[in-house]
Amino acid sequence: MNFSKEIISWYTKNKRDLPWRNTSNPYYIWISEVILQQTRVNQGIAYYEKFIENFPDVFSLARANEDKVLRVWQGLGYYSRARNMHAAAKQIVKEYKGNFPISYEDIIALKGIGDYTAAAIASIAYNKAHAVVDGNVYRVLSRYYNIETPIDTSKGKKEFYALANEILDKQKPGVFNQALMELGAMVCTPKNPQCSNCCIQQTCYAYNNSVQESLPVKLKKLKIKKRYFFYFLINSKNKIVIHKRTEKDIWQGLYDLPLIELQNEISIEEAILQFKKTILNSKQTFTIKSASQRHTHKLSHQTIESYFINIELKDFENFYHSKYQIIYKERIGEFAFPILIANYLMLITRK
Ligand code: SF4
């Protein structure tokens, strides 16, 4: 059986009609690949279209201010992806006069672009022979060839990368790469792969030996860190207080609200006492308008247990902190907030 022929033929007949599949524009392919790195295709389509509408080319992305880029990205998570794309767009304008670089080496030298994205752009946009290895490819290859080397080790990464390049169709690398990824996404799924509909079933080791569920092998179990966030929405008349997250942490560059963060859970009353001590000063009096139930927000490596406490101050006369900004409520839409905060603000400002 010719592996490449089989998967390309299957792909040609069965591929999903996705907006970035009808172009060889490297800018569009880049945007789609970055969005899809941590995002499901269904959710990714709307973001891709919104991103292209706001930044139709590399110049418009390079020119935009960071707040706007993050606002368009709002809700997708992994905000470093958007910051890196913004920086890379500036790099392309400066170093390549806005023309997307063509060689793999030049593409991978752009900010935030790794092996996977560089290979995807080089092969799909320019038909260059570079194999892509994403989660789908690891799954198909480990099952098909019965490779038990853990995929989250450097030995595993090297082995899969070498194999993917060895079997790559050098005449049609872009189509081959997309076919292999699509097969992993649509047929050779993590749970219950549809082996009976698979075009390479006959020669697949995992299928013939019923070991689909035990491949690919992963060594490390992801450690999830728990954090407790007590957010304070400080209102006075038609203004609220916001804060820009500048630290190297989740949501860097986005805005949130004055926060008390803890490693352990405390009661809302204790959190309010800490708020009085650390965020307000002794002259300020306030009333509590509402306090939310605990809301669990899951990120890939962290679980955020969050509370929102809505506080009314008489005025902002004695309120001064260099790290906070006081804004009119109607300006909320101008700032990029993590979706957790954006949802709360939408709820509270609608009331
Ligand atoms: S036969 Fe099953 S396990 Fe093998 S590649 Fe196809 S879907 Fe995956």
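Above this text sits the structure in question.
Just so it is clear, the structure is predicted and the values come from calculations on it, not from any experiment.

**Student:** How should the packing of helix α9 (residues 135–145) against helix α11 (residues 173–186) be read in this particular structure?
**Tutor:** The axes of two packed helices give the description: the angle between them and the distance between them. The interhelical angle for the contact between α9 and α11, taken along N-to-C directions, is 80 degrees, at an axis separation of 8 Å. For the element pair α9 / α11, the angle class is roughly perpendicular. Counting all contacts with α9, which are made through N136, V137, R139, V140 and L141, the residues of α11 involved are L180, M181, L183, G184 and A185.

**Student:** Just to check I follow, could you spell out helix α6 (residues 80–96) for this structure?
**Tutor:** The terminal C-alpha atoms of α6, which comprises 17 residues, lie 23 Å apart, in line with the 24 Å expected from a rise of 1.5 Å per residue. Along α6, the positions that sit buried rather than exposed are R81, A82, R83, M85, H86, A88, A89, Q91 and I92. Where α6 ends, the next residue or the one after it, K97, has phi of about 55 degrees, a positive value.

**Student:** How do you make sense of the site of the ligand when you look at a structure like this?
**Tutor:** The local shell around the ligand consists of R143, V187, C188, P193, C195, C198, I200, Q201, C204, Y207 and Q212. Across the shell around the ligand, the residue classes tally to eight nonpolar, two polar and one charged.

**Student:** How should I be thinking about the nonpolar core in this particular structure?
**Tutor:** Nonpolar side chains tend to gather and get buried jointly when the protein is soluble and globular. Ranked by size, the top nonpolar core spans 98 residues in total, and within it W30 and F51 carry the most contacts. Examining the composition of this core, we find that eight residues originate from one element, helix α8 (residues 115–126), more than from any other. Structurally, this core is a two-domain feature, drawing no fewer than three residues from each of domain 1 (3–214) and domain 2 (225–350). Sequence-distant contacts of F51, defined by excluding residues within four places in its chain, comprise Y27, I31, L61, V69, V72, W73 and M85. If you look at the next biggest cluster of nonpolar residues, it comprises 21 residues, including F230, L280, I311 and F319.

**Student:** Explanation requested: the pattern of salt bridges in the structure shown.
**Tutor:** Opposite charge on two side chains permits pairing when their charged atoms draw close. What the rule picks out here adds up to 13 salt bridges. Close ionic contact of E312 with K289 constitutes a salt bridge, the shortest N to O distance being 3.3 Å. In this pair, E312 is assigned in strand β7 (residues 302–313) and K289 in strand β5 (residues 286–291), connecting sequence segments 23 residues apart. Since its relative accessible area comes to 46%, K289 is described here as partly exposed.

**Student:** Could you clarify how one ought to interpret the packing of aromatic side chains in this entry?
**Tutor:** Under the definition given, this model contains 22 aromatic pairs. Both rings, one in W30 and one in F100, keep their centres 5.6 Å apart while their planes meet at 65 degrees; by these two values the pair is edge-to-face. Within this pair, whereas W30 is found in helix α2 (residues 26–36), its partner F100 is found in the loop between α6 and α7 (104–108), the two being separated by 70 residues in sequence. By relative accessible area, which is 1% here, W30 ends up buried. What makes F100 buried here is its relative accessible area of 11%. Relative to W251, the ring of F229 has its centre 6.2 Å away and its plane inclined at 80 degrees; by these criteria the two rings are edge-to-face.

**Student:** What is the right way to look at the pairing of strand β6 (residues 295–298) in this model?
**Tutor:** Within a regular strand, side chains alternate between the sheet's two faces. Note: β6 against β7, four bridges, orientation antiparallel. Looking at the pairing, T296 lines up with E305 of β7. In this structure, the hairpin formed by β6 and β7 is closed by a connection of three residues.

**Student:** Mind showing me how you'd approach the side chain of E182 here?
**Tutor:** Within the secondary structure, E182 is located in helix α11. Among the residues examined, E182 registers a relative accessible area of 2% and is labelled buried. Residues in contact with E182, not counting those within four places in the same chain, are W10, Y11, K15, R16, R21 and V187.

How each quantity is defined
Note on numbering: residues in each chain are counted from 1, in written sequence order. Given that the model is predicted, a residue must reach a pLDDT of at least 70 before its local features are reported, and side-chain atom pairs must reach 80 or more before they are shown or counted; all residues, however, enter totals for whole chains, interfaces and linings. Only hydrogens and water are set aside when side-chain values are computed; all heavy atoms of the structure are taken into account. Angles here are taken between N-to-C directions and fall from 0 to 180 degrees, while the axes themselves are lines fitted to C-alpha atoms, restricted in helices to the stretch in contact. Numbering of helices and strands runs from the N terminus; a helix is a DSSP stretch of H or I covering at least four residues, while a strand is a stretch of E covering at least two. Each angle gets one of four labels, with under 35 degrees taken as roughly parallel, over 145 as roughly antiparallel, 65 to 115 as roughly perpendicular, and the rest as oblique. Any pair of residues with heavy atoms lying within 4.5 Å of one another is described as a contacting pair. Any helix carries an expected span of 1.5 Å times its number of residues minus one. The cut-offs for exposure are 20% and 50% of the maximum accessible area for each residue type, with area from a 1.4 Å probe on protein chains only; residues under the lower value are buried, those over the upper are exposed, and the others partly exposed. The criterion for a residue being near a molecule or strand is simple. One of its heavy atoms has to lie within 4 Å of it. Any residue that is not Ala, Val, Leu, Ile, Met, Phe, Trp, Tyr, Cys, Pro, Asp, Glu, Lys or Arg is counted as polar, Gly included; the first ten are nonpolar and the last four charged. The definition of a nonpolar core used throughout is a set of buried Ala, Val, Leu, Ile, Met, Phe, Trp, Tyr and Cys residues joined through side-chain atoms within 4.5 Å. Here the bounds of each domain stem from an automatic or database domain assignment. Any carboxyl oxygen of Asp or Glu that lies within 4 Å of a side-chain nitrogen of Lys or Arg is treated as forming a salt bridge with it. Each pair of aromatic rings taken from Phe, Tyr and Trp, with Trp reduced to its six-membered ring, is defined by centres within 6.5 Å and is described as stacked if the planes are under 30 degrees apart, edge-to-face if over 60, and tilted in the remaining cases. Note: two strands are recorded as paired if DSSP finds a minimum of 2 bridges between them.

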